[in-house]
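Chain by chain, the residues:
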Amino acid sequence: MKALVFSAHKFERPFFDKLNGAAGHELHFVEERLTARNAASAHGFPAICAFAQDCLDRPVLSILRNGGTRFVALRSAGFNHVDLAAASELGIRAARVPAYSPYAVAEHAVALILALDRKLYRAVTRVRELNFSLDGLVGFDLHGRTVGVIGAGRIGSAFARIMTGFGCKVLVHDLTEGNALKTLGARYTSLDELFRLSDVISLHVPLTASSRHLVDAAAIEKMKTGVLLVNTGRGALIDTKALIDALKSGKVGAAGLDVYEEEENIFSRDLSSSVLQDDVLARLMTFPNVMITAHQAFLTEEALRGIVETTLLNLTELEAGGSVQNEVKLSKEMGKLT
Ligand SMILES: NC(=O)c1ccc[n+]([C@@H]2O[C@H](COP(=O)([O-])OP(=O)(O)OC[C@H]3O[C@@H](n4cnc5c(N)ncnc54)[C@H](O)[C@@H]3O)[C@@H](O)[C@H]2O)c1
């Protein structure tokens, strides 16, 4: 199938080049992020391939449809950036990559926790400046601490397993309960209790209408003072302004963020020669106890291979016109996605 790959990153190309030989799709790559301004460039492409920061709202989907596009292959697990109601009305089928190395994201969440807890960024910067003082670098043992996992699907479960290995007490909140984590010693609990008891909280739920701003001022109020909060899910799971207030007051002790509410026009781009226009992000970046990465939690060789393999399979199945195992369909809950 002829497909235009938007937001094509240099790090993906070797995987596409290597794996597309067998699939035989005609792939064209553009580095630009898909928006209403460039959607017409897909004219004549039956399929487009999109990344997490691409815009797939109703206007963009309409432009794509007018240009003959019928299929959208998402190179992401999350699909909150797709207006599925519009896609369905326009007759555009979409498929995603529901599962690729969950360890990539889970391990990145752990990396953020360790780096924040043990103040690694500060420590390394200091040593480079020949300042070998240890003042201000006191961390805490993870062993014996309570870690709250919100969303125990593929990634949350992988994360919970790692934390049990550290000797943490693991609390889990999910819409459904599974036995695998219980066997490991994790305990399912209400969101309120998780907020109240956890020293570390990590978010692994998809962004839906019900999970938007799951961590807001009221939620933070319920948390332990000094809680370490990690978000590798989606930016809008956290009300960023409420987080900033809580960081200022010390209620939140540290935050590790791989995602940000307004990341679409910022992350995955080199803006080092421009002036940052986002004052909220600028404020977040001033905190010594905040570590931000630009949506890179998935970025391992294993995950990239998995994403590309599934994307190629999705294109093959979409082209065949039959059932598509990874198709994203509109459901009641999805219809309310923000
Ligand atoms: N930062 C990154 O690079 C990156 C990469 C991949 C995925 N993600 C994000 O991680 C999310 C989780 O991925 P996954 O593969 O584990 O998904 P998954 O579908 O396997 O698991 C999600 C879990 O969340 C639960 N859930 C959904 N809504 C909930 C709610 N309101 N309250 C409590 N639990 C809820 C579901 O029941 C499910 O168990 C994705 O949706 C995506 O947004 C981020």
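Residues numbered from 1 in each chain as written. Predicted model: local features only at pLDDT ≥ 70, side-chain atom pairs only at ≥ 80, totals over all residues. Heavy atoms only, no water.

When helices and strands are counted, the chain shows twelve helices and twelve strands. Relative to a compact globule of 338 residues, whose C-alpha radius of gyration would be 20 Å, the chain shows 21 Å and is just as compact. Oriented by its inertia axes, the alpha-carbon framework of the chain measures out at about 60 × 50 × 35 Å. When the 338 residues of the chain are sorted by exposure, 50% land in the buried category. (Helix = DSSP H or I, 4+ residues; strand = E, 2+ residues; numbered from the N terminus. Rg over C-alpha atoms; globule rule 2.2 N^0.38 Å. Buried < 20%, exposed > 50% of the residue type's maximum accessible area, 1.4 Å probe, protein only.)

A word on the pattern of salt bridges. For the coordinates displayed, the defined rule picks out ten salt bridges. Of the charged contacts in the structure, one is a salt bridge between Arg145 and Asp199, with a shortest N-O distance of 3.8 Å. Residue Arg145 is located in the loop between helix 5 (120-128) and strand 6 (146-150), and its partner Asp199 is located in the loop between helix 8 (191-197) and strand 9 (200-203); the two are separated by 54 residues in the primary sequence. The salt bridge partner of Glu193 is Arg187, with a shortest N-O separation of 3.2 Å. (Salt bridge = Lys/Arg side-chain N within 4 Å of Asp/Glu carboxyl O.)

A separate point is the nonpolar core. Ile201 and Leu243 are the most contacted members of the largest nonpolar core, which has 33 residues in total. When contributions to this core are tallied by element, the ones reaching two or more residues are helix 8, strand 9, helix 9 (217-222), strand 10 (227-231), helix 10 (240-249), strand 11 (252-257) and helix 11 (279-284). Residue contributions to this core peak at five residues, all from helix 10. When residues no more than four places from it in sequence are discounted, the contact partners of Leu243 are Ile220, Leu229, Ile238, Val252, Ala255, Leu257 and Leu284. (Core = buried A, V, L, I, M, F, W, Y, C linked by side-chain atoms within 4.5 Å. Contact = heavy atoms within 4.5 Å.)

Okay, unusual backbone geometry next. Even without a glycine there, the phi angle at Leu130 is positive, about 65 degrees. With respect to the helices, strands and loops of the structure, Leu130 is situated in the loop between helix 5 and strand 6. You will see that Ser268, though not glycine, has its phi angle at about 70 degrees, which is positive. Along the polypeptide, Ser268 turns up in the loop between strand 11 and helix 11.

Among the 22 residues in the neighbourhood of the ligand, the closest are listed as Tyr100, Arg154, Ile155, Asp174 and Asp258. The backbone of Gly153 places a nitrogen or oxygen atom 3.5 Å from an oxygen atom of the ligand. Phe298 is positioned with one of its backbone polar atoms (N or O) 3.2 Å from an oxygen atom of the ligand. Considering the ligand on its own, with 860 Å² of exposed area, one finds that the protein chains cover 87% of that surface. Counted by class, the shell around the ligand contains nine nonpolar, nine polar and four charged residues. (Near = heavy atom within 4 Å. Polar contact = N/O pair within 3.5 Å; in protein donor to acceptor, adjacent residues only side chain to side chain. Areas by Shrake-Rupley, 256 points an atom, 1.4 Å probe, with all protein chains shown as cover. Nonpolar A, V, L, I, M, F, W, Y, C, P; charged D, E, K, R; others polar.)

Read across the open sheet, the five strands follow the order 2-1-3-4-5; overall the sheet is parallel. Two strands in the sheet have a free side with no partner beyond their single neighbour: strand 2 (26-29) and strand 5 (93-95). Put simply, the sheet's adjacent strands are angled 20 degrees from each other on average, direction ignored. Examined bridge by bridge, strand 3 (residues 47-50) and strand 4 (residues 71-74) share four bridges and lie parallel to one another. Bridge pairing links Ala47 to Phe71 in strand 4. (Pairing = 2+ DSSP bridges. Axes fitted to C-alpha atoms, helices over the stretch in contact; angles between N-to-C directions.)

A complete count under the given rule lists zero disulfides for this structure. With no disulfide of its own, Cys49 has Cys55 as its nearest cysteine by sulfur position, at a separation of 16 Å. (Disulfide = S-S within 2.5 Å.)

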